[in-house]
Amino acid sequence: MRISVALAAYNGERYIEAQLRSLLEQTRRPDEVIVCDDASTDGTCAVVERFIADNACAGWQLVRRERNVGYHRNFLDAVARATGDVICLCDQDDMWLPDRIRRCEEVLAAHPELDGMMVGYGVMDAQGREIPTPAGVRFVPERLDGTLVRHAPADFIGCSFTRGFSMAFRARIRPVFAGQPDTGRLLGHDWLIACAAALCGGFACLNEKLALYRSHGENFSIAGAGKRRMIDAQRRLQAVQMCLDAHEALRAWSDGLPHADAAFRSALARHIAFERRRLRFLRGKNPARWLALGADLGEYRRFYRTWRGALTIWAGDLMYTYRPARRKEDGR
């Protein structure tokens with residue numbers, strides 16, 4: 001089994017060497033590492049080139065872009081260039097623990113029916129010190145007991161609880177998601193790939209801590225999006241529209257896949273109808289429609305996978321809809 005690592009980089013000079021070092025120190029080294037740089041304006045490329053040369057990293061390559069294409073296309077291009085049987089996604093600012101690749105290889109070898117998986121992880125700060133999960137960082141696994149938990153395709157409706165740096169998948173599913181449009185930051189490339197794996201052979205989570213997610217205030221999290229970006233009704237509406245578009249696309253390309261059964265199609269159709277009802281409220285600002293959305297708490301629950309989260313988002317729809325837009329001169 002050949003294993004490739006697909007790493008997307010952009011202005012990662014500060015952290016990328018530590019990540020590359022963690023790849024080099026794997027107990028099962030990757031057969032190939034592809035670093036696609038998205039036209040960085042800092043010294044990222046120089047760091048990568050120096051690291052490859054200093055460590056004689058055979059099979060490692062840097063791909064430089066002349067213009068920025070965005071993280072979605074950059075990641076999928078790195079994936080398209082990979083020649084391994086299994087592809088591990090890798091971010092520039094996290095770290096892998098030494099057995100990350102070895103354990104993925106073992107699980108996928110023992111379960112040939114699986115097309116994708118993720119591993120458990122902890123959180124570290126900007127200096128690389130492991131820390132308790134900070135407020136605002138969601139979906140960090142709490143169950144790290146070594147179990148392998150399978151996820152049905154419907155588990156991914158409305159929610160991207162996977163993190164790309166923790167994922168591995170078989171190259172054979174690339175034709176399923178290749179060429180799909182950018183699904184946005186709330187449901188990103190990792191969600192797209194996880195859906196494809198779940199709808200083909202299956203997707204599972206290995207509950208072992210095998211990586212560290214770096215929380216440094218500059219990276220993106222779903223909670224961070226809620227706090228920093230969705231500051232008025234217009235942006236809230238844009239986010240819901242983005243998610244609706246992603247689910248509409250999923251319905252179109254999932255037809256005919258092995259695990260796109262009647263239960264999945266029904267669940268997806270319900271969620272699409274729910275997102276349309278949310279859009280009607282956000283656009284029309286009719287409080288009666290917001291009250292009616294209270295009957296859809298089960299769909300709201302999909303976002304953060306808790307009832308508390310469901311109530312928070314439902315209430316947030318009302319708050320953001322009637323909250324005055326902040327003026328640019330507010331400086332916030």
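Cut-offs and rules
Every chain is numbered on its own, with residues counted from 1 as its sequence reads. In keeping with the predicted nature of the model, local features appear solely for residues at pLDDT of at least 70, side-chain atom pairs appear and are counted solely at 80 or more, and the whole-chain, interface and lining totals rest on all residues. Think of the side-chain values as coming from all heavy atoms in the structure, minus any hydrogens and water. Each helix is a run of DSSP H or I of at least 4 residues and each strand a run of E of at least 2, with the numbering of both proceeding from the N terminus. Throughout, radius of gyration means the C-alpha value; the globule benchmark is 2.2 Å times the number of residues raised to the power 0.38. Each residue gets one of three labels from its accessible area relative to the maximum for its type: buried under 20%, exposed over 50%, partly exposed in between, using a 1.4 Å probe on protein chains only. By definition, residues are in contact when any of their heavy atoms lie within 4.5 Å. Pairs of strands are assigned from DSSP output, requiring at least two bridges between the strands. Between 30 and 60 degrees the pair is tilted, below 30 it is stacked and above 60 it is edge-to-face, where a pair is any two Phe, Tyr or Trp rings, Trp via its six-membered ring, whose centres lie within 6.5 Å. In this scheme, a helix's expected span is set at 1.5 Å multiplied by one less than its residue total. Salt bridges, as used here, are contacts in which a Lys or Arg side-chain nitrogen is within 4 Å of a carboxyl oxygen on Asp or Glu.

### Some words on the overall build of the protein
For the protein, the count of helices and strands is twelve helices and ten strands. Computed over C-alpha atoms, the radius of gyration of the protein comes to 20 Å, within 12% of the 20 Å expected from 2.2 N^0.38 for 332 residues, which places it in the range of a compact globule. Its C-alpha atoms give the protein principal-axis dimensions of roughly 65 × 50 × 40 Å. Taking all 332 residues of the protein together, the buried fraction comes to 55%. Excluding contacts between residues fewer than 6 apart, the proportion of contacts in the protein whose partners are at least 24 apart in sequence is 80%.

### Let's talk about helix 6 (residues 189-199)
Burial of helix 6 is extensive: eleven of the eleven residues sit out of reach of the surface. The complete set of buried residues in helix 6 reads His-189, Asp-190, Trp-191, Leu-192, Ile-193, Ala-194, Cys-195, Ala-196, Ala-197, Ala-198 and Leu-199.

### Side note on the pairing of strand 10 (residues 203-214)
Within a regular strand, the side chains alternate between the two sheet faces. With ten of twelve residues buried, strand 10 lies mostly within the body of the structure. Here strand 5 (residues 95-96) pairs with strand 10 via two bridges, running antiparallel. Paired with Met-95 across the two strands is Leu-212, which belongs to strand 10. When strand 6 (residues 116-124) meets strand 10, the two strands line up parallel, connected through eight bridges. Counterpart to Val-119 in the pairing with strand 10 is Leu-206. Across four bridges, strand 8 (residues 148-151) lies against strand 10 in antiparallel orientation. Bridged to His-151 within strand 10 is Phe-203.

### Digging into the pairing of strand 4 (residues 86-90)
In terms of residue burial, strand 4 counts as a mostly covered element, since five of its five residues are buried. Across five bridges, strand 1 (residues 3-9) lies against strand 4 in parallel orientation. If you follow Ile-3 over to strand 4, its bridge partner there is Val-86. Here strand 4 pairs with strand 9 (residues 167-170) via three bridges, running antiparallel. Considered in strand 9, the bridge of Val-86 is made with Arg-170.

### A look at the packing of aromatic side chains
Two aromatic rings, taken as a pair, are described by how far apart their centres are and by the angle between their planes. Under the counting rule described, the total for this entry stands at eleven aromatic pairs. Centroid distance Phe-156 to Phe-161: 5.0 Å. Interplanar angle 10°. Geometry classified as stacked. Phe-161 carries the same exposure label as Phe-156, and that label is buried. Considering the side-chain rings of Phe-274 and Phe-303, the 6.2 Å spacing of their centres and the 35° angle between planes classify their relative orientation as tilted. Here the residue Phe-274 occupies a position in helix 9 (residues 262-284), and Phe-303 occupies one in helix 11 (residues 297-304), the gap between them amounting to 29 residues. A relative accessible area of 11% means that Phe-303 is categorised as buried.

### Structural notes on helix 9
Given a rise of 1.5 Å per residue, 23 residues ought to cover 33 Å, and the 33 Å separating the end C-alpha atoms of helix 9 matches this to within 8%. Buried within helix 9 we find Phe-264, Ala-267, Leu-268, His-271, Ile-272, Phe-274, Glu-275, Arg-278, Leu-279, Phe-281 and Leu-282. Next to the buried residues of helix 9 lie helix 6, helix 8 (233-254), helix 10 (287-293), helix 11 and helix 12 (307-322). Once helix 9 ends, the next one or two residues include Lys-285, with phi positive near 55°.

### What to know about the side chain of Arg-103
Position of Arg-103 among the secondary structure elements: in helix 4 (residues 100-110). For Arg-103, a relative accessible area of 17% translates into the label buried. Once residues lying within four places of it in the same chain are set aside, the contact partners of Arg-103 are Leu-206, Glu-208 and Leu-210.

### A few points about the pattern of salt bridges
This structure, assessed with the given rule, holds 20 salt bridges. A salt bridge links Asp-31 to Arg-28, with the nearest nitrogen and oxygen atoms 3.0 Å apart. A relative accessible area of 30% means that Asp-31 is categorised as partly exposed. Measuring nitrogen to oxygen at the nearest pair gives 3.0 Å for the salt bridge that ties Arg-143 to Asp-145.

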